[in-house]
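Chain residues, written in single-letter form:
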Amino acid sequence: MIHTILLKHRPKGKPSISDFEFIKEDKELTITDGEMLLETLYVSVDPYLRGRMSDAKSYVEPFELDKPIHSGIIAKVIESKNEKFSEGDYVSGRLDWKTKQVSKGEELHKVDPSKADLSAYLGILGMTGLTAYLGLTEIGKPKEGETLVVSGAAGAVGSVVGQIGKILGLRVIGIAGTDEKIDMLKSKFGFDAGINYKTTNDMKAAIKEAAPNGVDVYFDNVGGEISDAVLFNINKFARTINCGAIAVYNNTEVPTSVSVRPFLIKNSALMQGFIVSNFEDKFPDAIKQLSTWLGDGKLTYSETIVEGFENIPQAFIDLFDGKNKGKMVVKV
Ligand code: NAP
């Protein structure tokens, strides 16, 4: 039996289970020359998928209605007529939300389960680890002794950004949505301070208290009011890395926000958005660095692993309620 998840409706506001359709097909998949048969093992759910579910113009094409959704997947090769891949190999890449599928292997690469847990290739050794490392180093250009603030700090990208900040000798402050997450930031990931944005009335004052010398680098995963409060505290020549804006992804109207221009002008500050694929030529070196830090025990990671193919849409929706710590992954 092959299970597939399709996009049924373009979500209005927060996605709901009824936006997805689950189908089961009792059919045999066969492969021809150059193809291979893959069995899905781990599926990455990511906030950016929300953007692809709407039909607004973006950096990637929207998902088509009544077609399978796709995201980062780790799969096992169960049969191969492709010379680059053999039966028993594990591969990573963008694949359909299907339990089994045929692929030509384009844009898939092998991953080694003896070097790291397979799920780690979707997180710290995959897209979110690369986003953290390259966003922080290429745009943030952090310098020892500076202060780094990270929003969405307990998530896949944020938890890695903060740890790299510590490795590079910065004071690191994380913003997240539960006290448990704040404890984890400090005890597991070595952050210097944490702010629970859900229980803090005056974020501007809380950031000032946690960053008495001001903010030099802001790694922004959430946008919205949290980011406005950080901007009130930036230093001269500060760098803001616009990585994500999950706080506004489900908005149905264009959000109004504090105008950032005066903060940027008076502080000669930089604000830059990016898509991790901008830095594709740097991926091999970045993975080498992340692997070295992991091997040396300087970097660690958390995962929230949800079991069951049928739970992929709910795991995705749960990102918007902060139900994950670290990388949200579905084990099939
Ligand atoms: P994640 O942080 O692991 O998961 C999302 C987290 O966002 C949740 O756990 C939740 O934590 C927080 N959140 C949800 N709604 C929020 C709200 N209204 N206000 C504040 N926080 C909220 O996800 P991720 O994969 O690491 O991605 C983090 C951000 O980076 C996303 O915005 C994503 O789109 C972006 N991203 C960008 C790139 C790129 O190339 N530019 C690549 C990867 C990811 P709390 O409990 O703390 O609320």
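Heads up: the structure comes first, above all this text.
Right, let's walk through the structure included here.

Scoring rules and cut-offs
Residues numbered from 1 in each chain as written. Predicted model: local features only at pLDDT ≥ 70, side-chain atom pairs only at ≥ 80, totals over all residues. Heavy atoms only, no water. 1 Å grid on protein atoms, 1.4 Å probe; cavity = no way out; pocket = protein on both sides within 12 Å on 5 of 7 lines; lining within 4 Å. Points joined across faces, edges and corners; volume = space filled by probe spheres on them. Nonpolar A, V, L, I, M, F, W, Y, C, P; charged D, E, K, R; others polar. Domains from an automatic or database assignment. Phe/Tyr/Trp six-rings, centres within 6.5 Å; stacked < 30°, edge-to-face > 60°. Helix = DSSP H or I, 4+ residues; strand = E, 2+ residues; numbered from the N terminus. Buried < 20%, exposed > 50% of the residue type's maximum accessible area, 1.4 Å probe, protein only.

### A word on empty space enclosed by the protein
- Counted under the stated rule, the structure contains one cavity of 30 Å³ or more.
- Approximately 50 Å³ is the volume attributed to the largest cavity.
- Lining the largest cavity, in full, are Gly123, Ile124, Thr128, Gly155, Ala156, Ser159, Val160, Tyr301, Ser302, Gly326 and Lys327.
- Residue classes in the lining of the largest cavity are distributed as four nonpolar, six polar and one charged.
- Domain assignment of the residues forming the lining of the largest cavity places at least three in each of domain 1 (2-122 + 302-331) and domain 2 (127-277).

### What about the packing of aromatic side chains?
- For the structure on display, the rule yields five aromatic pairs.
- With 6.4 Å between their ring centres and 80° between their planes, Phe20 and Phe316 make a pair best called edge-to-face. Of this pair, Phe20 sits in strand β2 (residues 20-25) while Phe316 sits in helix α9 (residues 312-318); the two residues are 296 residues apart in sequence, bridging distant segments of the chain.
- For Phe20, a relative accessible area of 5% translates into the label buried.
- By relative accessible area, Phe316 is classed as buried at 0%.
- Relative to Phe320, the ring of Phe316 lies with its centre 5.5 Å away and its plane at 85°, an arrangement referred to as edge-to-face. Phe320 shares its class with Phe316; the two are buried.

### What about unusual backbone geometry?
- At Glu107, a position not held by glycine, the phi torsion is positive, near 60°.
- In this fold, Glu107 is placed in the loop between β6 (100-103) and β7 (109-111).
- Backbone geometry at Phe237 places phi at a positive 65°, although glycine is not the residue there.

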